[in-house]
Structure formats: structure tokens, C-alpha cells
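# Tertiary structure, described
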Amino acid sequence: MIRTVLVTGARGKTGREVAARLRRFGILVHAGSSQPARMSDTRTDPVRFDWHDRATWREAAAAVDAIYLMRPDYPTAPELVADLVEVNPDAHVVLLSEQGAETLSPDHWARRVEDAVVTRAASWTLLRPSWFHQVLTDSRFYRDAIRDDRVLSLPSGGAPIAWVDARDIADVAVAALRAPEDHHGRAHTITGPDPVPVANVAQELSARLGHRIRAEDPSPRETLDGLDPWMADILDDLYHRVRHGGFSRLSPAVKQITGHEPTSIGEFINAHLDQWRRSPMSAP
């Protein structure tokens, strides 16, 4: 029986949702964060977990029954993940990967992270989600450009994306964490209900906000200019796969595993309109 779970990235898009759901089932959550003092939910057991400080790993991971492992975006992620799994190889590991990872070459960074789990954990599940709805409301991604510049710019080549809600991903993750015997050795592709091009997302935003949100389709190189070379390479590959339909394939996993339909992009936009409305003080 699963009684304790380490959630890495516990303040992240999926991590906080996974932690909240596990608590509702009475599971003790080790909420892993490099800044545990910033954990606002007192019902968690905040633990310091820092990918750059291996001394924090044993306290966070050694005694848990399962690990929700949010893949770290570092060049050394395959090695880091391998070493973390070896701290507690008997724990069931649910790895947050990405859609289409199975199509990548064996030496691809994302595949190597998956292999680090598959070859070391006694029990494992891979989650391969499409693009999160929540990038639209994240200031680090598209929120501010939508709100302030009224533009959604993504080098998609017009290809549709099977956008998925982080909360639906969390529901699938929690099912795999609570019942490892049902999900061991499985890879779940997780998508929303429809493949939606960026231009259509902009149209949905425009219709609901009452003003035009312009869709832009820049070249990948234009978008990547000035980034760290390793991150630029990762994103260049990601955009290439977007443009060639790699994130458009639909999966029934959310409905099959959770019993409910996945959240549509329209439903998400309706629920978050305030994120893209300018305050009266900032309006031109």
C-alpha cells in the first residue's frame, strides 16, 4: 500500500496538483522543493529537495513508497534521475516525460531520462503529456504577451497541438501513484480532447476576451535567439516536432484512467479570463 510519496517540483504546475490530490486520499506527501519555506500548504510535509545538492536527496526520498518525478530541465538530467532512483530503487516512480518520447532516438536527452527510470526502478510508470494549457497563464511563457501585447506567438507551422490541462495530468499521475500494480511498466500518453492549432487558440481567446488576440508563427530560430545553447537545441527539436505533428495525436488515457473527460482548451480559457485582462491602471 502507498502511504508516503515524494513529489519533486511540488510548487510546479503538476506537482502542486499531485500533492493536493494525494493529501485528499490520506497519503503523506513529502513536498520536495529547493525552497520548502515557500510551501504555502501546511498540510504537506515540506522537505528540501534540490537537484544541485545531493545531500538533500536521501532525507526526501529514502523512506517513501513512491516518487512523482518531474523531469529536471538540465543537460545532466539523465544522470541526476538515475542517481535519485538509486537512492530508493524499490519506490514506484511516476516520471513526467513528454508526448512522443518513444519516437526519439535512444541517445536523445528525453529518452535517456526515461531509460534512467526504466532500467533502475523496480516499478515505474511514464507519463507523456502534450503541451500544458497552463503555459497560456504562466508569466514565464505566454501570459504577458497575450495580456499586454495581444499576441500569441509560437513556431508551430500551423500544426495542431493536443493541449492538455495540468490537472488532468495530475489525476492520471495520482492514479498511477496509488495503484502501482495497475500501472507498472506502462507509458501513458496524456492529451486533451482535441488537436487545436495556435491560430484557433488565439481565436478562442479573442472571442471570449472581446478583443483580437493575434496569432504569430515565427521561425524557430527567431524564437530561440539569445538562449543558452543547450536549451536552444532542446527547444529547436521540440518546435520541429510540433511543426511536424508530433504533439497532435490524441490519446484516450484521461477518460480511461480517471473516468472523466479531459478539459478542453475552451473550458480552460473560460475559467481563466482574468489572467489575460489588463488592469484599468495598465490599459492604454
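Structure: see above.
We now turn to the structure provided with this report. Every value quoted in this text rests on a predicted model; they were computed, and no experiment measured them. (Residues numbered from 1 in each chain as written. Predicted model: local features only at pLDDT ≥ 70, side-chain atom pairs only at ≥ 80, totals over all residues. Heavy atoms only, no water.)

Before going further, it helps to spend a moment on the pairing of strand S4 (residues 66-70). For S4, the buried fraction is high: four of the five residues fall into the buried class. Looking at chain direction, strand S1 (residues 4-7) and S4 are connected through three bridges and run parallel. The residue of S4 that forms the bridge with Leu 6 is Ile 67. Bridging between S4 and strand S5 (residues 92-96) involves five bridges; their strand directions are parallel. Note on S5: the bridge partner recorded for Met 70 is Leu 96. Tracing the backbone out of S4, into helix H3 (residues 77-87) and back to the parallel element S5 gives a crossover that is right-handed. (Buried < 20%, exposed > 50% of the residue type's maximum accessible area, 1.4 Å probe, protein only. Helix = DSSP H or I, 4+ residues; strand = E, 2+ residues; numbered from the N terminus. Pairing = 2+ DSSP bridges. Right-handed = clockwise from strand over helix to strand, strands pointing away.)

We now examine the nonpolar core. In globular proteins that are soluble, nonpolar side chains generally tend to be buried together. The biggest cluster of nonpolar side chains holds 55 residues, and the ones touching the most others in it are Trp 131 and Trp 163. It is helix H6 (residues 166-178) that provides the largest number of residues to this core, a total of eight residues. Beyond its immediate sequence surroundings of up to four residues, Trp 131 is in contact with Tyr 142, Leu 154, Ile 161, Trp 163, Val 164, Leu 238, Tyr 239, Val 242 and Phe 247. Judged by nonpolar contacts, the second largest core, of 30 residues, contains Ala 60, Ala 101, Ala 116 and Ala 121. (Core = buried A, V, L, I, M, F, W, Y, C linked by side-chain atoms within 4.5 Å. Contact = heavy atoms within 4.5 Å.)

All right, on to helix H8 (residues 198-209) then. Owing to its 3.6 residues per turn, the α-helix aligns residues three or four sequence positions apart on the same side. Taking 1.5 Å as the rise per residue, H8 with 12 residues should run 16 Å; its terminal C-alpha atoms sit 16 Å apart, in good agreement. Those residues of H8 not exposed but buried are Val 198, Val 201, Ala 202, Leu 205, Ser 206 and Leu 209. Along H8, the residues classed as buried sweep out an arc of 140° about the axis, all on the same side. Those residues of H8 that are exposed and angled more than 90 degrees off the buried face are Gln 203 and Ala 207. Next to the buried residues of H8 lie helix H5 (143-149), strand S7 (151-153), strand S9 (214-216) and helix H12 (265-271). (Expected span 1.5 Å × (residues − 1). Arc of directions from axis to C-beta.)

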